[in-house]
Amino acid sequence: MSQQSLPGLWMAGPLAPDLVARIEPQYQIHRGWEIKDVPAYLREHGAGIRGIATSGRFGARRDLIESLPALEAIISYGVGYDPIDIDAARERGVVVSNTPGVLDACVADTALALLLSVSRRICEADRYVRGGHWPLKGNFALGHSMKGKRCGIVGLGGIGLQIASRAEAFGMTISYHNRRARNDVPARYDYAASVPDLARDSDYLVLAIPGGNATKHLVNAEVLQALGADGYLINVARGTVVDEQALIQALQAGTIAGAGLDVFEHEPEVPAALRELDQVVLLPHIGSGTHETRQAMADLFIENLHAWFGEKRLVTQVV
Ligand SMILES: NC(=O)C1=CN([C@@H]2O[C@H](COP(=O)(O)OP(=O)(O)OC[C@H]3O[C@@H](n4cnc5c(N)ncnc54)[C@H](O)[C@@H]3O)[C@@H](O)[C@H]2O)C=CC1
Ligand SMILES: O=C(O)C(=O)COP(=O)(O)O
């Protein structure tokens, strides 16, 4: 096939090089982030662009979706699709896929790593040894045991359920908040009708809910107050779910005990006020960041891509 007759793909940002190398022979890739004059480029090439290849980071805005007349499908890498304008896609009859399921275990592992780190003060203790404080100041301060503590999960979906089973293995009890109670989860998981209610009854409030407008600042000053001075916040969801300024104030005032955060409101920028706090563990959005999981995500992304352009179907369809 000549390059011209391959399906055209608008790539919204630099996806993993090995993924791009795998699809490059079968698609004509337009590297959107490298194009200076997008309107002029689209006037010339737009008619051949049938797909957008993107991720939960790069998204797909309404203006891009509306400016591609031949667009059929948005294929996204990652499960979260909050920066993809789903309404715009639906209005245009454009289908959207993501990569759910294959990353659940990995992201749940990250959540548990954060739970352990804040409870046992692992990162602080590491800094204590490296800083040469041990011989001078003696034994390090005590942490908290996770056994017997209450783990409240906001968003009991694919990732949330894997967090629940791991937390149970550490001897924790599980409660959760979703829009509705689930009847397909263990009956011992208590349902809380609101996030403040869940926070009030939790020692650890763990966020595993989608981002976007519907969940923006769901965790605010009221929720943090409800979590209380002995409570910890763990966020492996999206930075936008938490009012970051309210979180900083709660941590500085000791309204909550600490936080473990993989995601931030304006990542990769992380407020200096958070970086200064010892009781906070900060990760650079590595929830799904293992070789194995990224490979599985790339495989599912490519399955969706080929399924759409080969058979007009998607394996994991959002809309
Ligand atoms: N830190 C990281 O690297 C990663 C973060 N994520 C984030 O985790 C999120 C969850 O992923 P999955 O578990 O695969 O999704 P999922 O769709 O399986 O689960 C989400 C759960 O949240 C619930 N929910 C959705 N909106 C809600 C609302 N407004 N109020 C209450 N409950 C609500 C749903 O009913 C569902 O049970 C993703 O959307 C993504 O933003 C996902 C992968 C990696
Ligand atoms: O799948 C998701 O939603 C993710 O957050 C995955 O992380 P990434 O954006 O691929 O680093």
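Residues numbered from 1 in each chain as written. Chains lettered and ligands numbered in written order. Predicted model: local features only at pLDDT ≥ 70, side-chain atom pairs only at ≥ 80, totals over all residues. Heavy atoms only, no water.

- The chain is annotated in an unreviewed UniProt entry as D-3-phosphoglycerate dehydrogenase of Orrella dioscoreae.
- Taken from UniProt, the Sequence similarities (unreviewed entry) comment for the chain reads in full: "Belongs to the D-isomer specific 2-hydroxyacid dehydrogenase family." (UniProt positions renumbered as here; feature names shortened; annotations may be inferred.)

Thoughts on the environment of Gly-254
Inference 1: Tracing the sequence through the fold places Gly-254 in the loop between helix H11 (244-253) and strand S11 (258-261).
Inference 2: Residue classification places Gly-254 among the partly exposed residues on the basis of a relative accessible area of 34%.
Inference 3: In sequence terms Gly-254 and Ala-208 are 46 residues apart; their C-alpha atoms lie 24 Å from each other. (Helix = DSSP H or I, 4+ residues; strand = E, 2+ residues; numbered from the N terminus. Buried < 20%, exposed > 50% of the residue type's maximum accessible area, 1.4 Å probe, protein only.)

Here we look at helix H5 (residues 104-120)
Inference 1: In a regular helix each residue adds 1.5 Å, so 17 residues correspond to 24 Å; H5 covers 24 Å between its end C-alpha atoms and thus fits that length.
Inference 2: By the criterion of burial, H5 is predominantly enclosed, with 12 of the 17 residues buried.
Inference 3: Arg-121 sits one or two residues past H5 and shows a positive phi near 55°. (Expected span 1.5 Å × (residues − 1).)

Some points on unusual backbone geometry
Inference 1: Pro-268 follows Glu-267 through a cis peptide bond whose omega is 10°.
Inference 2: Tracing the sequence through the fold places Pro-268 in the loop between S11 and helix H12 (272-275).
Inference 3: Non-glycine residue His-285 carries a positive phi angle of around 50°.
Inference 4: Here His-285 shows up in the loop between strand S12 (280-282) and helix H13 (291-311).
Inference 5: Classification of His-285 by relative accessible area gives buried; the value is 18%.
Inference 6: Residues other than glycine seldom take positive phi values, yet Lys-312 does so here, at roughly 55°.
Inference 7: Locating Lys-312 in the fold gives a position in the segment after H13.
Inference 8: Look at Lys-312 and you get partly exposed, because its relative accessible area is 47%.

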